[in-house]
Amino acid sequence: MNTDIYKEGPVVHSPAFIDGHSVEIPILKILKQDGTTYPDAQLPELEQALAVKAYEALVFHRVLDERMIASQRQGRLSFYMSALGEEATTVGGAAALEDQDMIMAQYREQGCLIFRGFALEDFMNQMFSNEKDLGKGRQMPIHYGSNELNYMTISSPLGTQIPQAAGYAYGQKLQGKDAVTICYFGEGAASEGDFHAGLNMAAVHKAPVIFFCRNNGYAISTPSDEQYVGNGIASRGVGYGIKTIRIDGNDILAVIKAVQLARQHALESEEPVIIEAMSYRLGAHSTSDDPSGYRTKEEEAKWQEHDPIARFKSWMIAQGWWSEAQENEIFARLREEILAAVKVAEKIDKPPVEDLVTDVYAEVPKHLQDQLDELKEHIKKYPEAYPFTAGRI
Amino acid sequence: MAQMNLLHAINNALDIAMAEDDSTLCFGEDVGHFGGVFRATSGLQEKYGKARCFNTPLVEQGIMGFANGLAAQGSRPIAEIQFADYIFPAFDQIVNESAKFRYRSGNQFDVGRLTIRTPYGGGIAGGLYHSQSPEAYFAHTPGLKVVVPRNPYQAKGLLLASIRDDNPVIFFEPKRLYRASVGEVPEDDYQLPLGKAEVVKTGADISLLAWGAQMEIIEKAAEMAEAEGISCEVLDLRSILPWDVETIANSVMKTGRLLISHEAPLTAGFAGEIAATIQSECFLHLESPIARVCGVDTPYPLSLEREHMADHLKVFEAIKRTVNF
């Protein structure tokens, strides 16, 4: 038996409880809201081309969110989830990773996909569940996935990606790959059993995974102070023996810096790392949610002042890497492109009826083929009731 | 050929699978040096190293989540859940994740290389929490394959087929037979087909269908019935999902009668699904209602185990009732 783990601390002879809040966790801040950096701040490695790519991804994200929320309100789209106010956590994360690193996300991480170059049409085809959707129209809008871009398809049940990321990263390590897995989740998902399961498995089996918690203050309507007691999610990392860092999630330079270091540590030490990014979900949970029922305008206004995109823009302009002219051009162009893409995607056919039974198994088994054949016969009999597929059988 | 018990056969299959593919891993609670509580993984850590055969923390949800991630990454995980009774903390990872990975991604990602091994079933004085047969829960989930062997020969052939199958497979091992069932098993590599039932014995008057450890029960009942002049056809379903409708229907069209027996409780057990399908396939050939002899609709008790079980006497009585309907 390995009893070395029972390290003896200071000995006392009268009871002394350790307070649950006693762990002090510093928060990394590099960039101020005015675009200047703190005097002693250590900046991440960030060349101009990468910075511009990241900034353009942030803008794309914001315009996409605005346009898609509008499309949902117009009844063109069934559902949407924006990442308003916390875009830096995902765009910054992707900017600090290599293309071969796997991204396992929750559902508000389209910023990673944008940074990796997921095509506008691919976003649209997924949201409109048409036959060009890479996921074949099987999931609600925003459940993206791209094998090509190493972005694992989203699953609705919360937190399930956390132990999966540990396993994925363990496999990468065993095969000697120069790659890590990043796993995003919110502070709400950290209440799930999968969070404990995943962190413990990763810590014990030394999986090179970066757990990235977007602590954005709300899980639908439940504020974080009703979600957990204790010092945030970072303090949990300490309990699992995992290297832990807390950062300002609205500070993209802090995000990039932390993820760059986490990646290096995960690869070199073959260990997990946990990052808790403190941010705020400025938008609604989804288009089915109305935050005015559970929080004040004043609270939202306070966080508007911490806008991560405005902050990064000021820094970019100060670097001489961005201009107001570029800003105006890109916003106008993206609004137009996205609107045009909506118009195209919503007219593309739904997937063929055969896609109902494919991919349940590697090959279509007999009982599913029988059920499909029977269904086709039925559709032929009542073509007007099945307008999307009747004409294509 | 060698004499092996069911555990040896499983161990032998795992050994072959790990030898042929470096990305094959075996893990679960106590699976490493100790070889698992039943010793199914004995010697594998010594042979293949701690990175490929290891203990996990006590977290079924974590074992299955980890296994899903490994399989999605391209490794070939063989995850052990120590008792099928403890698979429920991992239910979400299996039903919502393993089963739907391929479908939800439009075949961009899959966990087809995943195999879940777990000992199931009663008759070992295991009480409520070491005796359950939960195959019906998983049979309701498209995207999984569910397999149950009945003896050492099948265990090896079906497990190798499960490990190499391109879909996630849950492999339920009849723990009552782990050491009790001994038989001839080829030492070489071989596979038995998934999704295919086996006609164990032909007969004319009634078809008897079961799987796993319950096969012993129906075979014993069949012997008693034969002594009274009733000719029984004995069928082993082997795969619960997808299941072999054709073989069962052909048998029933010949005998005109069907009795299904399983250990799990009667209500919503898999026998119900089989009865409904065979009734629809063979309606005009049936000479009596399809009989189900199953566990009582209670948790699996400790003291009254014998009473709870669908034993050979209950099956024997049901055979006579069905034949004399």
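In what follows, the accompanying structure is described. Keep in mind it's a predicted model, so treat the numbers as computed, not measured.

**Structural notes on the overall build of chain A**
From N to C terminus, chain A includes 12 helices and eight strands. Relative to its length of 393 residues, chain A is compact, with a C-alpha radius of gyration of 23 Å against a globular reference of 21 Å. For chain A, the C-alpha atoms occupy an extent of roughly 85 × 60 × 45 Å along the three principal directions. Intrachain contacts of chain A at a sequence separation of at least 6 include 74% that bridge at least 24 residues. Put simply, chain A shows about 17800 Å² of open surface, and 51% of that area lies on carbon and sulfur atoms. Placing the 38 positive and 57 negative side-chain charges of chain A at their respective mean positions leaves the two points 3 Å apart.

**Overview of helix α12 (residues 312-323) of chain B**
Two residues of an α-helix separated by three or four positions point the same way, owing to the 3.6 residues in each turn. Residue and element names in this part refer to chain B. Here α12 is 12 residues long and its end C-alpha atoms lie 16 Å apart, about the 16 Å a rise of 1.5 Å per residue gives. Within the span of α12, buried status applies to H312, V315, F316, A318, I319, T322 and V323. Each buried residue of α12 sits inside an arc of 165 degrees when the element is viewed along its axis, so together they form one side. In this structure, the buried side of α12 is in contact with β10 (206-210), α8 (214-227), β13 (258-265), β14 (291-295) and α11 (305-308).

**Concerning the packing of helix α2 (residues 87-96) of chain A against helix α8 (residues 252-269) of chain A**
Residue and element names in this part refer to chain A. Running from N to C, α2 and α8 cross one another at 40 degrees; their axes reach a closest spacing of 8 Å. With respect to their mutual orientation, α2 and α8 come out oblique. Crossing of α2 against α8: the hand is right-handed. Residue-level inspection shows A88, T89, V91, G92, G93, A95 and A96 of α2 in contact with α8, the latter providing I252, V255, I256, V259, Q260 and R263. Each residue belonging to the contact of α2 with α8 can be placed in one class, and the counts come to eight nonpolar, four polar and one charged.

**Side note on the interface of chain A and chain B**
Each side of the interface is counted separately: chain A has 43 residues, and chain B has 44 residues. Contact between chain A and chain B buries roughly 3400 Å² in total, counting both sides, with carbon and sulfur atoms accounting for 61%. Interface area lost by chain A to chain B is led by Q164, M201 and Y361 of chain A, which between them contribute 19%. Counting across the interface, chain A meets chain B through zero salt bridges. Our enumeration of links across chain A and chain B arrives at 23 residue pairs in polar contact (both at pLDDT 80 or more). For the side of chain A that touches chain B, the elements supplying multiple residues, two or more each, are α5 (161-174) and α6 (193-205) of chain A.

**Considering empty space enclosed by the protein**
Under the definition given, this model contains five cavities of 30 Å³ or more. Here the largest cavity defines a volume of roughly 60 Å³. Looking at the lining of the largest cavity, the elements that each hand over two or more residues are α5 of chain A together with α5 (101-104) of chain B. In this structure, the second largest cavity spans a volume of roughly 50 Å³. Along its surface, the second largest cavity is lined by F118, Q126, D133, L134, G135, H143, Y144, G145 and T153 of chain A together with R104 and Q108 of chain B. Across the lining of the second largest cavity, the residue classes tally to three nonpolar, six polar and two charged.

**Considering the sheet that holds strand β5 (residues 115-120) of chain B**
All names here are of chain B. The sheet built from seven strands is open, its strands ordered β3-β2-β4-β5-β7-β6-β12 with mixed pairing. Looking at strand neighbours, the two that pair on one side only are β3 (53-55) and β12 (239-241), the edges of this open sheet. With direction set aside, neighbouring strand axes in the sheet form an average angle of 20 degrees.

**Quick notes on helix α12 (residues 366-381) of chain A**
Residue and element names in this part refer to chain A. Helix length check: α12 (16 residues) gives 23 Å between terminal C-alpha atoms against 22 Å at 1.5 Å per residue, within 8%. Every buried residue of α12 is listed here: L368, L372, K376 and I379. Summarising the axial view, the buried residues of α12 lie within an arc of 80 degrees, below the 170-degree limit, and thus occupy one face. Facing away from the buried side of α12 by over 90 degrees, the exposed positions are K366, E374 and K381.

**Points about the nonpolar core**
Residues F185 of chain A together with L237, I248, I274 and I278 of chain B are the most contacted members of the largest nonpolar core, which totals 122 residues. By residue number, the principal contributor to this core is helix α1 (residues 6-20) of chain B, which donates nine residues. With near-sequence residues (within four places) excluded, F185 of chain A lies in contact with Q106, E109, Q161, I162, A190, F195, F211, F212, C213, R214, I233 and I274 of chain A. Of all hydrophobic cores here, the second largest spans 73 residues; its members include M81, A88, F118 and F128 of chain A.

**Structural notes on the sheet that holds strand β8 (residues 273-278) of chain A**
Residues and elements named next belong to chain A. Spatial strand order, β1-β7-β8-β4-β3-β2: six strands in an open sheet with parallel pairing. Two strands lie at the open edges of the sheet, namely β1 (27-28) and β2 (102-104), each paired on one side alone. When β2 meets strand β3 (residues 181-186), the two strands line up parallel, connected through three bridges. Within β3, the position partnered with I103 by the bridge is I182. Against the sheet, α8 makes contact with β1, β3, β4 (209-215), β7 (243-248) and β8, and its axis sits at roughly 165 degrees relative to β7, the strand it touches most.

**A word on the pairing of strand β7 (residues 169-174) of chain B**
Residues and elements named next belong to chain B. Across the six residues that make up β7, a large majority, six, are buried. Of the two faces of β7, the one carrying V169, F171 and E173 and the one carrying I170, F172 and P174 are both buried. In this sheet, β7 lies alongside β5 in parallel orientation, the contact comprising six bridges. Paired with T115 across the two strands is V169, which belongs to β7. Judged from the three bridges that link them, strand β6 (residues 145-147) and β7 form a sheet pairing that is parallel.

Conventions we followed
- Residue numbers run consecutively from 1 along every chain, following the written order of its sequence.
- Here chains are named by letter from A upward and ligands by number from 1 upward, in the order in which they appear as written.
- Owing to the predicted nature of the model, reporting of local features is limited to residues with pLDDT of at least 70; listing and counting of side-chain atom pairs is limited to 80 or more, with chain, interface and lining totals taken over all residues.
- Side-chain measures here rest on the full set of heavy atoms in the structure, leaving out hydrogens and waters.
- Helix numbering and strand numbering both begin at the N terminus, where a helix is a DSSP run of H or I of at least 4 residues and a strand a DSSP run of E of at least 2.
- Radius of gyration means the value over C-alpha atoms here, while the globule rule gives 2.2 Å times the residue count to the 0.38 power.
- Contact criterion: two residues are considered in contact whenever any of their non-hydrogen atoms come within 4.5 Å of each other.
- Accessible surface is estimated by sampling points in the Shrake-Rupley manner with a 1.4 Å probe; for residues, cover comes only from the protein chains shown.
- Just so you know, the count uses Lys and Arg for positive and Asp and Glu for negative, and it drops His and the chain ends.
- Lys charges are placed at NZ, Arg charges at CZ, Asp charges at CG and Glu charges at CD.
- By definition here, a helix of n residues has an expected span of 1.5 Å times n minus one.
- Burial here depends on accessible area, computed with a 1.4 Å probe over protein chains only, as a share of the maximum for the residue type. Under 20% is buried, over 50% is exposed, and the range in between is partly exposed.
- The directions considered for the arc are those from the helix axis to the C-beta atoms.
- Axis definition: a line fit to C-alpha positions, over the contact stretch in the case of helices; interaxial angles, taken between N-to-C directions, run 0 to 180 degrees.
- These descriptions rest on fixed angle ranges, namely under 35 degrees for roughly parallel, over 145 for roughly antiparallel, 65 to 115 for roughly perpendicular, and the rest for oblique.
- Here a crossing is called left-handed whenever its near helix is offset anticlockwise from the far helix by less than a right angle, and right-handed whenever the offset is clockwise.
- Basically, the charged four are Asp, Glu, Lys and Arg, the nonpolar ten are Ala, Val, Leu, Ile, Met, Phe, Trp, Tyr, Cys and Pro, and anything else, Gly included, counts as polar.
- Buried area is understood as the total, over both parts, of accessible area removed when two parts are fitted together, assessed with a 1.4 Å probe.
- A pair is scored as a salt bridge if a Lys or Arg side-chain nitrogen falls within 4 Å of a carboxyl oxygen belonging to Asp or Glu.
- As used in this structure description, the phrase polar contact means that two N or O atoms lie within 3.5 Å; if the pair is within protein, one of them must be able to donate a hydrogen and the other to accept it, and residues adjacent in sequence are counted only when both atoms belong to side chains.
- Any residue with an atom within 4 Å of a point lines the site, the site being either a cavity, points on a 1 Å grid over the protein atoms alone where a 1.4 Å probe fits but cannot get out, or a pocket, an open set with protein on both sides within 12 Å along at least 5 of 7 lines.
- Grid points are joined across faces, edges and corners, and a volume is the space filled by probe spheres set on the points.
- Strands pair, by our definition, only if DSSP identifies at least two bridges between them.
- Buried Ala, Val, Leu, Ile, Met, Phe, Trp, Tyr and Cys residues form a nonpolar core when they are joined through side-chain atoms within 4.5 Å.

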